[in-house]
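Structural description and commentary
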Amino acid sequence: MILARTVEEKLANLWRAGKVAGGVYTGKGQEAVSVAIGMALKPGDLFGPAIRDQAGRLAFGEPLLDAVRTYLGSRLGPMRGRDGNVHRGRLREGTFAMISHLGSLVSVVAGALLARRMRGEQNVVGATSLGDGATSTGAFHEGLNLAAVEKLPLVVVVTNNQYAYSTPNGRQFACHDLVDRAIGYGVEGYAMDGTDVKECLEMVHHAVGRAREGNGPQLIVANCLRLSGHAEHDDASYVDPHLFASPLGRDCIDVARDYLLEQGWADAETVRQWREHAKAQVEEVALKAQRESGPDPADEDWCAYATRGFARLEASVS
Ligand SMILES: Cc1ncc(C[n+]2csc(CCOP(=O)(O)OP(=O)(O)O)c2C)c(N)n1
């Protein structure tokens, strides 16, 4: 959580300095939910992250350098510098490239799980993460409905951070609580406090376990507040100030720190060292990525019409 917060703060600074093409969308205040997803999944599982899932990506194994290289457009990054921010994945390791079309990854992960089943692969769980706004899309409905009918091991984690960009919950959905939707789809549903990492870890582990045991899709709704704008270009002036003062507005990293101190599992000095260590790691990779060049447009194979493998196949056929 600390590493994700630290790297996103660094990326936001680089964005302000004009060094990042595109936007910087942070998960400030959502790290507890996100990290719980990454930690609950096992190698071989699938993860479809949302825009704010830096913590979950790191927990599921994304190298820090991959994240920084993508934002800085390094040719050595996973997107080879062709995409300036979050649309990166690690397909071989089970992380889908995040797509901006809200809700789409529900269908993609559901389809991938169905494909795994048809190939006879067992013990695979697929989790995807989305915001409250994404639950209003057709893709969310179609994906979750298909997964429910097919009893696919899909875990859908909705982080209800109270706003879809500037649209408040009251203009987004008319049900009392998003978790009530689980009943309509015929799936198991859980609501959790997204500011409490202990609760998030326990609940996501439980849901992933239920999916793995063959109980079909699991819908989790994590309640919290986005502690930043939609992205660095947004000052979030539309957020009701009362929300920041409410329990939803607690900073999950502070909550986690207090819990560790209370339990005597760490002291203030240890936490300080963790922060220093995260900072040193982030500075090192940022320096490295900034020294690397971007793609050469003339040299780059843009794969505009087909993937590289497909192009090779066509060439060998003709
Ligand atoms: C299908 C679709 N409609 C609209 C958009 C434009 N859009 C981008 S982010 C966003 C708000 C997302 O809100 P939410 O799903 O609650 O996630 P949050 O940003 O709060 O984490 C919208 C409407 C989009 N990317 N995809």
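So, a few notes on the structure that sits alongside this text. (Residues numbered from 1 in each chain as written. Predicted model: local features only at pLDDT ≥ 70, side-chain atom pairs only at ≥ 80, totals over all residues. Heavy atoms only, no water.)

What follows concerns the sheet that holds strand 1 (residues 46–48). One open sheet accounts for 5 strands, arranged 1-2-3-7-6; its pairing is parallel. Each end of this open sheet is capped by a strand with a single partner; those strands are strand 1 and strand 6 (188–193). On average, each strand axis in the sheet is inclined to that of its neighbour by 15 degrees, with strand direction left out of account. As paired elements, strand 2 (residues 126–131) and strand 3 (residues 154–160) share 6 bridges and run parallel to each other. Following the sheet pairing, threonine 128 is matched in strand 3 by valine 156. (Pairing = 2+ DSSP bridges. Helix = DSSP H or I, 4+ residues; strand = E, 2+ residues; numbered from the N terminus. Axes fitted to C-alpha atoms, helices over the stretch in contact; angles between N-to-C directions.)

Let's shift gears to the site of the ligand. Arg52, Ser100, Gly133, Ala134 and Tyr163 are the nearest of the 14 residues found near the ligand. Between alanine 134 and the ligand, the recorded distance is 2.9 Å, taken from a backbone N or O atom to an oxygen atom. Between the ligand and tyrosine 163 there is a distance of 2.8 Å, counted from an oxygen atom to a backbone nitrogen or oxygen. (Near = heavy atom within 4 Å. Polar contact = N/O pair within 3.5 Å; in protein donor to acceptor, adjacent residues only side chain to side chain.)

The phi dihedral of arginine 80 falls on the positive side, at around 55 degrees, and the residue is not glycine. Position of arginine 80 relative to the elements: it lies in the loop between helix 4 (64–71) and helix 5 (104–118). Accessibility expressed as a relative area gives 24% for arginine 80, which makes it partly exposed. Positive phi, close to 75 degrees, is recorded for glutamine 162, a residue that is not glycine. (Buried < 20%, exposed > 50% of the residue type's maximum accessible area, 1.4 Å probe, protein only.)

This part covers the packing of aromatic side chains. One pass over the full model with this rule turns up 4 aromatic pairs. A centroid spacing of 6.0 Å and a plane angle of 85 degrees characterise the contact between phenylalanine 47 and phenylalanine 60, whose relative ring orientation is edge-to-face. Here phenylalanine 47 is found in strand 1, whereas its partner phenylalanine 60 is found in the loop between helix 3 (54–59) and helix 4, with 13 residues between them in sequence. By the burial criterion, phenylalanine 47 is buried, and phenylalanine 60 matches it. Look at phenylalanine 140 and tyrosine 185: their rings are 6.0 Å apart centre to centre, the planes differ by 90 degrees, and that puts the pair in the edge-to-face class. Of this pair, phenylalanine 140 sits in helix 6 (residues 138–150) while tyrosine 185 sits in helix 7 (residues 181–185), and the two are 45 residues apart along the sequence. What makes phenylalanine 140 buried here is its relative accessible area of 1%. (Phe/Tyr/Trp six-rings, centres within 6.5 Å; stacked < 30°, edge-to-face > 60°.)

Next up on the list: the nonpolar core. In terms of nonpolar packing, the biggest core is built from 47 residues, with Leu41, Val155, Val204 and Ile220 touching the most fellow members. Setting aside anything within four residues of it in sequence, one finds valine 204 in contact with Ala36, Ile37, Ala40, Met192 and Ile220. Listed in part, the 27 residues of the second largest apolar core include Leu144, Leu154, Leu178 and Ala182. (Core = buried A, V, L, I, M, F, W, Y, C linked by side-chain atoms within 4.5 Å. Contact = heavy atoms within 4.5 Å.)

Take the pattern of salt bridges next. Applying the stated criterion to the full structure yields 19 salt bridges. Note that glutamate 292 and arginine 69 form a salt bridge whose closest N and O atoms lie 2.8 Å from each other. Here the residue glutamate 292 occupies a position in the loop between helix 11 (268–291) and helix 12 (308–317), and arginine 69 occupies one in helix 4, the gap between them amounting to 223 residues. Like arginine 69, glutamate 292 is buried. In the salt-bridge network here, residues are joined through shared partners; they are Arg5, Glu31 and Asp251. (Salt bridge = Lys/Arg side-chain N within 4 Å of Asp/Glu carboxyl O.)

A few words on the environment of threonine 137. Topologically, threonine 137 is positioned in the loop between strand 2 and helix 6. Through-space distance from the C-alpha of threonine 137 to that of glutamine 281 is 38 Å; in sequence the pair is 144 residues apart. Setting aside residues no more than four positions away along its own chain, threonine 137 makes contact with Leu102 and Gly103. At 3.4 Å, the side chain of threonine 137 forms a polar contact with the backbone oxygen of leucine 102. At 2.8 Å, the side chain of threonine 137 forms a polar contact with the backbone oxygen of alanine 134.

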